[in-house]
Amino acid sequence: MNSSTHDLLDPLLHSGFKGYPRTQPPRLRSDIGAAQWNVLAGDLPLPLAVLKREALEHNLAWMQARVREWGVDLAPHGKTTMSPQLFQRQLDAGAWGMTFATVTQLAVGVAAGARRTLIANQVVSDEDLGGIQQLLRTHEGLRIVFLLDSVAQLDLIEAWSHAHQEHLPFELMIEIGVDGGRTGCRTHEQATALAERCKASPAVKLVGIECYEGQGATGETGPDIAYTDTIMGRVEAVARHCETHGLFETDEVLVSAGGSAIYDLVAARLKPALGMPVRGLLRSGCYVTHDHGTYQRFQVSIDARLGCDCGDSLRPAMEVWTTVQSCPEPRLAIVAMGKRDVSFDLSMPTPIARALLGAQATSTVPASWHISALNDQHGYLRWTAADDALAPVVGERIGFGISHPCTTFDKWHWMPIVEDDYRVSDAVSINF
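Residues numbered from 1 in each chain as written. Predicted model: local features only at pLDDT ≥ 70, side-chain atom pairs only at ≥ 80, totals over all residues. Heavy atoms only, no water.

A. Up close: the pattern of salt bridges. Under the defined criterion, the tally for this structure stands at 23 salt bridges. For the salt bridge of R53 with E57, the shortest nitrogen-to-oxygen distance reads 3.1 Å. Of this pair, R53 and E57 both sit in helix 2 (residues 53–70), four residues apart, which is roughly one turn of that helix. For E57, a relative accessible area of 37% translates into the label partly exposed. For R423, the salt bridge is made with D421, and the minimal N-O distance between the two is 2.7 Å. According to the relative accessible area criterion, R423 is partly exposed, its value standing at 44%. Here the salt bridges do not stand alone but share partners, grouping D10, R29, R89 and D426 into one network. (Salt bridge = Lys/Arg side-chain N within 4 Å of Asp/Glu carboxyl O. Helix = DSSP H or I, 4+ residues; strand = E, 2+ residues; numbered from the N terminus. Buried < 20%, exposed > 50% of the residue type's maximum accessible area, 1.4 Å probe, protein only.)

B. Here's a closer look at the packing of aromatic side chains. As enumerated under the stated definition, the model contains eight aromatic pairs in all. Judged by centre distance (5.5 Å) and plane angle (85°), the ring pair of Y20 and W37 falls under edge-to-face. Taken together, the residues Y20 in the loop between strand 1 (12–13) and strand 2 (27–28) and W37 in the loop between strand 2 and strand 3 (48–52) connect sequence positions 17 residues apart. Since its relative accessible area comes to 1%, Y20 is described here as buried. (Phe/Tyr/Trp six-rings, centres within 6.5 Å; stacked < 30°, edge-to-face > 60°.)

C. A look at the side chain of T322. You can see T322 is positioned in strand 12 (residues 318–329). Taking the relative accessible area as the measure of exposure, T322 reaches 0% and is therefore buried. A polar contact of 2.4 Å, which involves the side chain of T322, links it to the backbone oxygen of A336. Every residue in contact with T322, bar those within four places of it in the chain, is listed here: L46, P47, V335, A336, M337, E396, R397, I398 and F400. (Polar contact = N/O pair within 3.5 Å; in protein donor to acceptor, adjacent residues only side chain to side chain. Contact = heavy atoms within 4.5 Å.)

D. Seen up close, the pairing of strand 8 (residues 170–176). With seven of seven residues buried, strand 8 lies mostly within the body of the structure. A two-sided burial pattern is seen for strand 8, the buried positions comprising F170, L172, I174 and I176 on one face and E171, M173 and E175 on the other. As judged from the four bridges shared by strand 7 (residues 143–148) and strand 8, these two strands associate in the parallel manner. The residue bridging L148 from the neighbouring strand is I174, located in strand 8. Handedness of the β-α-β unit built from strand 7, helix 6 (residues 151–163) and strand 8 comes out right-handed. (Pairing = 2+ DSSP bridges. Right-handed = clockwise from strand over helix to strand, strands pointing away.)

See below:
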């Protein structure tokens, strides 16, 4: 392991990182557990995002077991966490590879040990194309596959290739999109014509077909099944055309999809019957920590389809703890947690536990407690008159569940991993 890789996997953490105690000396990430800190003992400054170890390990094993049952592979999206240590845990648990959104993210994943990688995005700039080639040259056994959805993009790739004769062909998957959605070919004819252009180009090799279905998910099984059948039917039709006409340049076709909302439905459609081997790759990323909000709502429907009981499903593994700093008027407490600390793009954080100042035991919070708004550094905690007797007090600690882990991870440079009693046993670093 070279020094730069070691620094990435085991960086020095210090008080310049939000959530690290100013009264403590710097420590390597791997030494954090030996400090014997406890979040509820006041050993770390709040607000603080934490990962629950047991839930984290459960989720890693649970999702790996699901894809094994379904006969597909997992290439989880690294943009969820951008944590090298969590990448390693996902790979060690059995993931086929890792997915990223940018070449910059990809480089972090490669340094963390990923050797089979997807960029679930279009690559168009000379710098990024050159960066991919540099990574391929300097890391033996590395595979990088990215997405293509237009002749204009292919023209840019070919122009770069013409100016850089000594390079490996870029491996591509054609992306299938939907009207009103994000990227991707909108018609069967566009996708198949693009595949034919790939076959004629020495700059690229077509190795698979891909889509992203997450934007159309509702959480209602009937509409979600119909939507999945439509988009995955289009993926299969393009894959079948490419196989029939000899447009793939690979021994194994990659078929990939998967956000974190209806992953069970798309997983069932990732292995179309072709005349050559197919590897289905599910890219769900949020499973690793799950959440108390958006993905928990989707998971209820998934569990019903899978026949899972509530004890055998994904578990929320991320919490943000903070203090009550003011109670300025009736039924309003201001907590020291805001948009700089916790996700708010899909829904507000949810109060899940409380601990009085000086206490190391938690208790549940009243059902009416809720966050009504966030500022940069403040949250507005409110409740109904029925819960006035259980009102928060200045100085007490409150734990919040989050909605959408991706946009909580990107607000932190590190997170402690804690046991269920909030003893710190490990840590991860985050590289957004």
